[in-house]
Amino acid sequence: MSIDLDVVAPEAIPGVRILPVVHERVDIAPVVRQALEVLQPMAVAVELPTTLADAARTAVARLPLMSAVISEEPGEDALVWIVSPGDPLAEGLRWANENDREILLVDPDIRYAHRRHDQLPDPHAMHTTGTDVYFEVIRSLAGSAAFDERDTLREQGMAYHLQRAKNRGISPIICLLGAAHADRVAEHLTGPTAPPLARQRRSNVQLRHLHPESLTAVLPDPPLAHSVHEHLRSGDLPPEPDFSATVAPRLDLPLGALTLVSGGRIEDRAKRAQALAAFAAHHGCRATDVGGGQVCDRATLAAVVWRVGAASYSVQTRNEVKPWQRRMFFDFTRRYARIRGQLIGGLYEWVVGARGVGDDNLAWEVFDAARCFPWQEETAEIETARIEGDLLDLGTRKVRFRRRFMRVKQRPIAVPVKNRVTTDDPGEWLKAFSGEGICSYPPEDIVVEDWGRHLKQRAVSVLSAERTRSEPFTTSILDGIDIRETLLHLQDGRIWVREQGRDVGAAGSVVMIFDEDASGSEFPYMMSWLGEHEQESDMALYATDPLQQVVGPGIMRATYGGFMLTYPPGRLYDVWRDPDYRAARSKPEVLLMAAIDYSIDKLVVHVGPHPPASRIRDYATAHARKIVYLPLGSLSPVSIRNVRGFHILAGRDKREIAKDYVW
C-alpha cells in the first residue's frame, strides 16, 4: 500500500505540493522518499537558506558521510546544518541528486533570533495511527502554534521562491518544510508574492566532516538508527552476520608473547561496527505501509542495542545480566520516554536506564552499540570538526553556534556516560609492559579492605544475634530491657529483658567466593601477594586472565573468581604452591584452608554460593577456628559488582595514569 499524496503532501497550487516534516527524525525520511518516488517531481525544494546552496549540495553528495554546513557572520551566532542520512531534508536533496532533478533552497536568509519549541507527537506514532493520520495531526498542531513577524517574512519569502520556480516552468515541485510553516506557506502561494529583503550571499560558509564521537551530541536519534536507514533505503541488505561478531572485542596479550595482539585493533572495531549495523538492519526494522518496505523501528532497535550491550558487558566484565535487569530496563525507558513526551526512548533514555539497572560499564556498552555508524571515520577528504554541547571545535578555534534549522530538537544531547579510552595503536600500549613487576591500583585496594572489614563486622553481628535471648521479666533484669520484644508483646502487659551470650570473639581472615570455577578453566590466574603497608592485608586470589583484557598502557583488567584476605600483612606464603593444601579439591577450598591457617583470631568469614564442606569445617575445628558462613545472595549485588572487577598495573609508575583507563 502506498501513501496518499493528497493527505501527506497536498497540492498548495497547481504543480506545487508541500510536505510537512519533523526536522532530523529518521522516521520521517522513508515517507519523504516514498512521496518522491510516487510523485516523481521535477524539483525538490527544502527549507534551507538560499545562501548555503553550494555547501548543501556538496554535503548531500558526501552522504552517507555526515557533514556540518557552517556559516559565521560578524556579530551573529554561527549557523550549523547537520547533514545526516536520516534527515528528511537531506533525504529529499539526496533523492533529487540521485535522480538528476533540480534542487531548490527556498528559505530567505533573514536574521532569525527566535527559536521555536513546537510540541509534536513522537514520529513513532506513525506506525500505529498510519502515515496519513500522523501528518494531518502534525500539520494541525504545528500550524496552530504561535508565530511572529520573522516567521511571516520567511514564509512569504519561501512562497516567492516557489512561485518563481513554477513560473520558470518547473513542475511538479515538492517542497519539504517544517510542519509549522506548511499551511501558511501554502496560503501565501495563493496570493501575490514579492522578493524578500534578505541576505543574498554569505562571506564565510564552510563544510566540515563530523568526528564520529560528535554524532551522539548532535543527532536526536541514535547514530545506529541512521545506519539502519542507510541500509534499508538502498533496498539491498547485507547478509545477516553472526551475533557474536557484534559483541565488543577485547584487547589481549597471549601469555609470554607481548609482541602479539589480538582483538581491539582498528580493523577489529571496523568489522564489528559493520557487523552491528548489518545486524541492526535485519532486526531493528519493521514492515510499514510506506511503499510496503522495511523502515527503521526504534522499538525493535532498542532490543538490538540492549542485546548487544548486555552481551558485550558480560564478555568484558564476566558479570551476567539477569532477566529482571532486562525487564526493568525496558520498563524504565518506556516510562521515562513518556515523561519526556515521547513514545519510545532514545540514546539518552537507554544509557540512563542501563546505568540504573546495571552500572557505568553496562551504560557504556549500550552507548557504544547505539552510537555505531560504520561509514563515519575520524578523517576524510575535508577537515574534521568536533561538536561538544553548544561548542563547535574547528581545530583552530571554538565557536558557539545557534542551530537555526533545528525546530524540534532543542539542544545537543549530553549523554551521561563515562568515556572509555581506546587506542588506534595497541603496540603503544604494549611498550608499557616493561617486565619490572606488577602492582595493584590503590583505590581498588581501599574498596577491598573496606569490604573485608564490613564482612568481619557482619559475621560477628550474626553470631552475636544467635547467642542473644529474650524472656519476660521475673526476678532479674539480665543485660537490660528488650524494647523491641516488650512492644511486640504490649498486649500482655509484661516487660521483656534480654541476655547477651558469650563474646563470640573477633574475625581474622575473610574468604570471598564469587564463582567456584567448577570447570577449572574460567579463572586460570592464581596469585598471592603481600600487603604493601600496615593497613593492607595479604591477599590470595584466583581470577580471569588479565593478559586477555588490556585496557591501557601497562594496565590490565581482571575479574575475581574468589579471594582471601588475612591481616596483619607480610606473612602469606604462595598458597597455590603450598603442599599443605594438596588435599583441597577446588580453588575455594585452597583459599579457605589458607584462611584458617593464617587467621590469628577465632572466626573465619566465608562468603560464597555454597557453604563449606564438612571436611573443611573439621579442618577448622582441628585448628581451633570457627567458620562463619554468609550466603553470597544475602549481599548487595551492586556492592558485589563494585568489588569484583580489579586492575593489575605493570609497574608503580602506571598508578599516575591509571585513573584515565580503569573502568
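Here's a quick rundown of the structure. (Residues numbered from 1 in each chain as written. Predicted model: local features only at pLDDT ≥ 70, side-chain atom pairs only at ≥ 80, totals over all residues. Heavy atoms only, no water.)

To continue, consider the overall build of the protein chain. Per the secondary structure count, the protein chain includes 21 helices and 24 strands. Excluding contacts between residues fewer than 6 apart, the proportion of contacts in the protein chain whose partners are at least 24 apart in sequence is 75%. Working note: accessible area of the protein chain is about 29000 Å², and carbon and sulfur atoms make up 51% of it. (Helix = DSSP H or I, 4+ residues; strand = E, 2+ residues; numbered from the N terminus. Contact = heavy atoms within 4.5 Å. Areas by Shrake-Rupley, 256 points an atom, 1.4 Å probe, with all protein chains shown as cover.)

Applying the stated criterion across every chain yields a total of 15 aromatic pairs. Considering the side-chain rings of Trp306 and Phe329, the 4.5 Å spacing of their centres and the 25 degrees angle between planes classify their relative orientation as stacked. Of the two residues, Trp306 sits in helix 12 (residues 298-317) while Phe329 sits in helix 13 (residues 323-339), which places them 23 residues apart along the sequence. We classify Phe329 as buried; its relative accessible area is 1%. In this structure, Arg307 is placed above the aromatic ring of Phe243, and the distance from its NZ or CZ to the ring centre is 4.0 Å. Between Arg340 and the ring centre of Tyr336, over which it is positioned, the NZ or CZ distance is 5.7 Å. (Phe/Tyr/Trp six-rings, centres within 6.5 Å; stacked < 30°, edge-to-face > 60°. Buried < 20%, exposed > 50% of the residue type's maximum accessible area, 1.4 Å probe, protein only. Lys NZ or Arg CZ within 6 Å of the ring centre and 35° of its normal.)

Take helix 19 (residues 587-598) next. Counted at 1.5 Å a residue, the expected span for helix 19 with its 12 residues is 16 Å, and the 17 Å between its end C-alpha atoms agrees. Here helix 19 lies mainly inside the structure; 11 of its 12 residues are buried. Three or more residues of helix 19 are buried, namely Lys587, Pro588, Glu589, Val590, Leu591, Leu592, Met593, Ala594, Ala595, Ile596 and Tyr598. (Expected span 1.5 Å × (residues − 1).)

Take the side chain of Asp482 next. With respect to the helices and strands, the residue Asp482 is situated in the loop between strand 15 (469-472) and helix 18 (483-488). Arg498 provides the closest opposite charge to the buried, salt-bridge-free Asp482, at an N-O distance of 4.7 Å. In terms of polar contacts, Asp482 uses its side chain to reach the side chain of Ser470, at 2.5 Å. In this structure Asp482 touches Ser470, Trp496, Val497 and Arg498, once residues within four positions along its chain are discounted. (Lys, Arg positive; Asp, Glu negative; His and termini not counted. Salt bridge = Lys/Arg side-chain N within 4 Å of Asp/Glu carboxyl O. Polar contact = N/O pair within 3.5 Å; in protein donor to acceptor, adjacent residues only side chain to side chain.)

What follows concerns the sheet that holds strand 6 (residues 102-107). Read from one edge of the open sheet, five strands run 1-2-7-3-6, paired in mixed fashion. Taken across any chain shown, the strands that pair with only one partner, and hence form the sheet edges, are strand 1 (11-13) and strand 6. Direction aside, the axes of adjacent strands within the sheet are offset by 35 degrees on average. Pairing of strand 2 (residues 16-21) with strand 7 (residues 173-178) involves six bridges; the strand directions are parallel. Across the sheet, Val21 pairs through a bridge with Gly178, a residue of strand 7. Sheet strands in contact with helix 4 (residues 88-98) are strand 2, strand 3 (43-49), strand 6 and strand 7, and its direction is about 140 degrees off that of strand 3. (Pairing = 2+ DSSP bridges. Axes fitted to C-alpha atoms, helices over the stretch in contact; angles between N-to-C directions.)

Right, let's talk about unusual backbone geometry for a bit. Comment: phi is negative for the bulk of residues other than glycine, and the bulk of peptide bonds are trans. That bond from Ser171 to Pro172 is cis: its omega, 0 degrees, falls within 30 degrees of zero. Note on placement: Pro172 falls in the loop between helix 7 (149-167) and strand 7. Across the junction of Tyr567 and Pro568, the peptide omega takes the value 5 degrees, indicating a cis bond. Here Pro568 lies in the loop between strand 21 (555-566) and helix 19.

This part takes up the environment of Ser140. Relative to the helices and strands, Ser140 is located in helix 6 (residues 131-143). Linking Ser140 and Asp183, residues 43 residues apart in sequence, is a C-alpha distance of 8.7 Å.

Tallied over the full model, the rule gives 37 salt bridges. The partner of Arg33 in a salt bridge is Glu91, and the shortest N-O contact between them spans 3.0 Å. Here the residue Arg33 occupies a position in helix 2 (residues 29-39), and Glu91 occupies one in helix 4, the gap between them amounting to 58 residues. The exposure class of Glu91 is buried, given its relative accessible area of 0%. Note that Asp660 is salt-bridged to Lys659, the shortest N-O span being 3.3 Å. One connected set of salt bridges, linked through shared partners, spans Arg33, Glu91, Arg94, Glu98, Glu230 and Arg233.

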